[in-house]
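Structure at a glance
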Amino acid sequence: MRPVVFCAERLPSGGAAQRPIPIDFDKYPHLIVQGGTGTGKSIASLLATAKISQLPGAEIFILDFKNDGDTFRFCHGKNCRYWRFQDCEAGLNEYYDLLQAELASDDDSGPHRVRWLWVDELGSWLLNSERKTSERIRAQISTILMMGRSRRFLCLTSVQRASAELFAQGARDNYSCCLGLGSLSKEAASVLGFSRDEFLPVTEIGGGHLLVGGRQIPVQVPYIGPRGMARMKEDILRAMTR
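The sections below set out a description of the structure shown in this document. Along each chain, the written sequence defines residue order, and numbers are assigned to residues from 1. For this predicted model, a pLDDT threshold of at least 70 governs which residues receive local features, and a threshold of 80 or more governs which side-chain atom pairs are given and counted, while totals over whole chains, interfaces and linings are taken from all residues. As a rule here, side-chain values come from all non-hydrogen atoms in the structure, and water together with hydrogens is ignored.

A closer look at helix H3 (residues 88-104)
What counts here: A helix here means a DSSP run of H or I that spans at least four residues, while a strand means a run of E at least two residues long, and both kinds are numbered starting from the N terminus. Here the expected length of a helix is defined as 1.5 Å per residue gap, with one fewer gap than residues. We call two residues in contact when some of their heavy atoms are within 4.5 Å.
Given a rise of 1.5 Å per residue, 17 residues ought to cover 24 Å, and the 24 Å separating the end C-alpha atoms of H3 matches this to within 8%. Summarising the contacts, the buried residues of H3 are in contact with strand E4 (59-64), strand E5 (82-84), strand E6 (115-120), helix H4 (122-127), helix H5 (131-147) and strand E7 (153-159).

Printed below as a string of structure tokens:
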């Protein structure tokens, strides 16, 4: 898999973004993005997903529990791998069953296509689900994170606030890439594995810190204009229907 770029390193002086940061998701699987409203979390998640969608044969799956019309309107009314609100459980089940079938298969014909699952606002989904349902969601996501790498089943999870309660069976440790946008609380920084002592001030939307392969990097997610956003969504939708 070719490396994916969705952010760039920030200069300590607070100047313009320095150099793009390529991420090899074969080597560093799974991405968690944390950020409050207005930090650029949705843009970062869309950008990462759009870059994945450009990989040959990549398939995109989106679970949108909050039914976010601003971010996912381009999916509404389309026959694609997109589930919202109470239908998210059916989407997770479909993705989980695909992984189970792949794990049971003896097919070693070559590199597997990427199947990218974007779970948006996991915390809201768990909070608004019955206890047994939320435990099942946690367990399935945990299996995906622990077992998906070898078959290129990769998970992007976006949350407003990272907390230990979101993850089952140590699943948090299976996110090799952690992107924290805006000012992270002490708890969120601890859950994601950041050292707050190494943080640089965040002054712009899309600013934050990336933890990948044990390296903590101050980053900036780029601004995406209307035309660029439209192209990104076209690429994602194409990968949701192939």
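Notes on the side chain of Ser-129
The test is simple: Counting of polar contacts relies on pairs of N or O atoms within 3.5 Å, with two restrictions inside protein: one atom must be capable of donating a hydrogen and the other of accepting it, and residues adjacent in sequence are counted only when both atoms are side-chain atoms.
With respect to the secondary-structure elements, Ser-129 resides in the loop between H4 and H5. Of note is the side chain of Ser-129, whose polar atom sits 2.6 Å from the backbone oxygen of Trp-125. Leave out the neighbours within four places in its chain, and Ser-129 touches Ser-134 and Ile-137.

Quick notes on the packing of aromatic side chains
Convention followed: Between rings of Phe, Tyr and Trp, where Trp is taken as its six-membered ring, a pair exists when centres lie within 6.5 Å; planes separated by under 30 degrees are stacked, by over 60 edge-to-face, and by other angles tilted. Per-residue accessibility, obtained with a 1.4 Å probe over protein chains only, is compared with the maximum for each type, and a residue is labelled buried under 20%, exposed over 50%, and partly exposed between these values. Put simply, a charge is over a ring when the Lys NZ or the Arg CZ is close to the ring centre, within 6 Å, and near the line of the ring normal, within 35 degrees.
Taken as a whole, this structure holds nine aromatic pairs when the rule is applied. Measuring from centroid to centroid gives 5.0 Å for Phe-61 and Tyr-95, while their planes differ by 75°, and the two rings are edge-to-face. One end of the pair, Phe-61, is in strand E4; the other, Tyr-95, is in helix H3, with 34 residues separating them in the sequence. Residue Tyr-95 is classed as buried on the basis of its relative accessible area of 0%. Ring geometry for Phe-167 against Tyr-175: centres 5.7 Å apart, planes inclined by 65°, an arrangement best described as edge-to-face. You can call Tyr-175 buried: its relative accessible area is 2%. An aromatic cluster is defined as three or more aromatic residues linked by ring pairs; in this entry it consists of Phe-61, Trp-83, Tyr-95 and Phe-153. Positioned above the aromatic ring of Phe-61, the side-chain terminus of Arg-81 is 5.0 Å from the ring centre.

What to know about the nonpolar core
The condition is simple: Only buried residues count toward a nonpolar core, which is a set of Ala, Val, Leu, Ile, Met, Phe, Trp, Tyr and Cys residues joined through side-chain atoms within 4.5 Å.
One finds Phe-6, Phe-25, Trp-116, Leu-179 and Met-240 to be the most contacted residues of the largest nonpolar core, which totals 43 residues. With 35 residues, the next largest nonpolar core counts Leu-126, Phe-153, Leu-192 and Leu-211 among its residues.

Topic: the environment of Ser-150
Following the sequence through the fold, Ser-150 ends up in the loop between H5 and E7. Looking at Ser-150, the relative accessible area reads 53%, which means it is exposed. Through-space distance from the C-alpha of Ser-150 to that of Glu-102 is 9.8 Å; in sequence the pair is 48 residues apart. Apart from the residues lying within four places of it in its own chain, the contact partners of Ser-150 are Leu-103 and His-112.

Some thoughts on the pattern of salt bridges
We count it as follows: The salt bridge definition used is simple: a Lys or Arg side-chain nitrogen within 4 Å of an Asp or Glu carboxyl oxygen.
Here the structure, examined in full by the defined rule, presents 11 salt bridges. The partner of Arg-136 in a salt bridge is Glu-89, and the shortest N-O contact between them spans 2.5 Å. A residue pair is termed long-range when its members are at least 10 positions apart, and Arg-136 in helix H5 and Glu-89 in helix H3 qualify at 47 residues. The exposure class assigned to Arg-136 is partly exposed, which follows from its relative accessible area of 36%. Of the charged contacts in the structure, one is a salt bridge between Arg-115 and Glu-102, with a shortest N-O distance of 3.2 Å. Here the residue Arg-115 occupies a position in strand E6, and Glu-102 occupies one in helix H3, the gap between them amounting to 13 residues. Of the two residues, Arg-115 and Glu-102, neither departs from the other in class, the shared state being buried. Sharing partners across several salt bridges, the network here consists of Glu-59, Glu-102, Arg-113 and Arg-115.

All we've got here are geometric facts, nothing functional implied.
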